Amino acid sequence: MSGDAWTRWPSREALGRAGTTRPRRMLAWAVRTLVLGTLLWGAFHHQHIGIWGALAAAAGFVGAGFVAWAFFRTTYAHRLAPSLALTAVLLAIAVAAQATGFAVPALVIWCGCAVSALERLPLVAATPVAAVALASYSLFDTDAWLTTAGTVVGMALAGYVLRLDAEARGNAQRLLAQERAARAAEAESAALNERSRIAREIHDVLAHSLSAQLVHLEAARLLIERGAEREQILERVVAARGMARDGLAETRQALSALRGDLTPLEDFLAELVSTADGAAVTVTGERRALPAEASQAVRRVAQEALTNVRKHAQGAKVHLRLDYGAHEVTLNVRDSGGRTDELAGTGGGYGLLGMRERAELLGGSLNARPDDEGFVVTLKVPV
């Protein structure tokens, strides 16, 4: 046994009552009742105890109970000196009881001191205390020596077994507290992740909708400055209004996604391309429901890619291809190139960055590059 084990106190979880089962509590109360009954019987089972003897026995009984209660409090607080002092008081009460003819209470107190010391004190202090208590018991016990020896060994083993049992219960309580703390941290982390997801959805909706509106409103401003025809200006304003209406629809879709109420991905893509001239969608592979995050990533990338086509390659043909693979879903958006809008430079270039970040958060990837004809955006998300 290591030196630390000799000097270490039983943990407060072991010395407390937390985690004690109902049968164990009932057993403890039964033992206390038995000890109490034994003390009372030993104190008053004398035919000629007298009134003064009864008062002295009652005072000793109350005093021993109070000292025992204080001993349990000081050991729980890991205060060695007061605990040893209180143990010495209990041993003295037992000696006084033995000297005045109350042999049974004295023997019970000695055994209780030995068991409690082994259960609740550091072993370096509990061992001599138990040795003194059990030696006193052996000296004044009137049973046969073999019975006395068996009782002494049994008390020592009982105290040590109770100590081991209390330590096991204390360890279980600490593990339970650590598990609860881990669960609380996990719940907090999940809440933070959910907040980040909500913030990301709101950002994507606003960035997609407002950037599209900005393109048309900026075009309207340039047309007004150049003195363009009313019909041209109105066309841009109507387009901006359409973008605002689409933004509201996307906001409702985002809220539905946050509630877990999503339309099928294929239907969403079909509706998306129906609002864009020269756009088509093809779906391959075995269709199946995707996790909400993966489904939202595909939707947002498709929207952003079409927005970029409208901004940078007006009039281009666009083809969306959604492929359900065994372990990942792939979205490929390819345009045929087209007339570069005079507002192609508007915006901060955060669309592709946002799409790439969304893909990487899911363990996927996003590749955006020009090809022989136009531009290609490829999203891969594991599912």
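Residues numbered from 1 in each chain as written. Predicted model: local features only at pLDDT ≥ 70, side-chain atom pairs only at ≥ 80, totals over all residues. Heavy atoms only, no water.

(A) Just the overall build of the protein, in detail. When its secondary structure is counted, the protein shows 12 helices and 5 strands. Restricting the contact set of the protein to residue pairs at least 6 apart, pairs at least 24 apart contribute 70%. As presented, the protein carries roughly 21,800 Å² of accessible surface, and 62% of it is formed by carbon and sulfur atoms. (Helix = DSSP H or I, 4+ residues; strand = E, 2+ residues; numbered from the N terminus. Contact = heavy atoms within 4.5 Å. Areas by Shrake-Rupley, 256 points an atom, 1.4 Å probe, with all protein chains shown as cover.)

(B) Main features of the pattern of salt bridges. Applying the stated criterion across every chain yields a total of 3 salt bridges. Note that Arg183 is salt-bridged to Glu179, the shortest N-O span being 2.6 Å. Residue Arg183 and its partner Glu179 are located together in helix H8 (residues 145–225), separated by 4 residues, close to a single helical turn. Given a relative accessible area of 55%, Arg183 falls into the exposed group. Look at Glu179 and you get partly exposed, because its relative accessible area is 37%. Between Arg221 and Glu218 there is a salt bridge whose closest N-O contact spans 2.3 Å. Placement of both Arg221 and Glu218 in helix H8 is noted, with a separation of 3 residues, approximately one turn of the helix. Three or more residues joined by partner-sharing salt bridges are found here, namely Glu218, Arg221 and Glu225. (Salt bridge = Lys/Arg side-chain N within 4 Å of Asp/Glu carboxyl O. Buried < 20%, exposed > 50% of the residue type's maximum accessible area, 1.4 Å probe, protein only.)

(C) Local environment of the sheet that holds strand S1 (residues 279–285). The 5 strands lie next to each other as S1-S2-S3-S5-S4, forming an open sheet whose pairing is mixed. Two strands in the sheet have a free side with no partner beyond their single neighbour: S1 and strand S4 (365–370). Geometrically, the sheet is characterised by an average inter-axis angle of 10° between neighbouring strands, direction not taken into account. Where strand S2 (residues 318–324) meets strand S3 (residues 328–335), 7 bridges bridge the pair, whose relative direction is antiparallel. If you follow Leu320 over to S3, its bridge partner there is Val333. (Pairing = 2+ DSSP bridges. Axes fitted to C-alpha atoms, helices over the stretch in contact; angles between N-to-C directions.)

(D) Spotlight on the packing of helix H10 (residues 265–274) against helix H11 (residues 292–312). Between H10 and H11, the least distance of the axes is 11 Å, while the angle of their chain directions is 10°. Comparing the axis directions of H10 and H11 gives the class roughly parallel. Taken together, the residues of H11 that come into contact with H10 (itself represented by Leu265, Phe268, Leu269 and Leu272) are Ser295, Val298, Arg299, Ala302, Gln303 and Leu306. In terms of residue class, the contact of H10 with H11 is made up of 7 nonpolar, 2 polar and 1 charged. (Parallel < 35°, antiparallel > 145°, perpendicular 65-115°, else oblique. Nonpolar A, V, L, I, M, F, W, Y, C, P; charged D, E, K, R; others polar.)

(E) Molecular detail of a nonpolar patch on the surface. Taken together, the side chains of Ile198, Ile202, Leu206 and Leu210 define a hydrophobic patch exposed on the protein surface, amounting to about 340 Å² of accessible area. As for its placement among the helices and strands, Leu210 is situated in helix H8. Exposure remark for Leu210: the relative accessible area of 49% places this residue in the partly exposed category. (Patch = residues over 30% accessible without salt bridge, like charges linked within 9 Å, V, L, I, M, F, W, Y side chains within 5 Å.)

(F) Region of the structure containing the environment of Tyr160. The topology assignment puts Tyr160 in helix H8. Placed 46 residues apart in sequence, Tyr160 and Ala114 show a C-alpha to C-alpha distance of 9.9 Å.

(G) Representation of the confidence of the model for the protein within the structure. This prediction gives the protein a mean pLDDT of 79; 80% of its residues lie at or above 70. Mean pLDDT across the elements of the protein bottoms out in helix H3 (residues 22–44) (60) and peaks in S2 (92). Low pLDDT, under 50, characterises residues 339–350; the predicted model gives this stretch 17 contacts beyond four residues in sequence or across chains. (pLDDT = per-residue confidence, 0-100.)

(H) Spatial organisation of the state of the cysteines. One pass over the full model with this rule turns up 0 disulfides. In this structure Cys111 is not part of a disulfide, and its nearest cysteine sulfur, from Cys113, lies 9.4 Å away. (Disulfide = S-S within 2.5 Å.)

(I) Molecular detail of unusual backbone geometry. The phi dihedral of His78 falls on the positive side, at around 60°, and the residue is not glycine. You can see His78 is positioned in the loop between helix H4 (50–76) and helix H5 (80–99).

(J) Structural detail: the packing of helix H6 (residues 103–120) against helix H7 (residues 123–140). The contact between H6 and H7 brings their axes to 8 Å, and the two run at 160°. Comparing the axis directions of H6 and H7 gives the class roughly antiparallel. Taken as a pair, H6 and H7 cross one another with a handedness that is left-handed. Contacts between H6 and H7 pair Leu107, Trp110, Cys111, Cys113, Ala114, Ala117 and Leu118 from the former with Ala126, Val129, Ala130, Ala133, Leu134, Ser136, Tyr137 and Phe140 from the latter. Considering only residue class, the contact of H6 with H7 consists of 14 nonpolar, 1 polar and no charged. (Left-handed = near helix turned anticlockwise from the far one by under 90°.)

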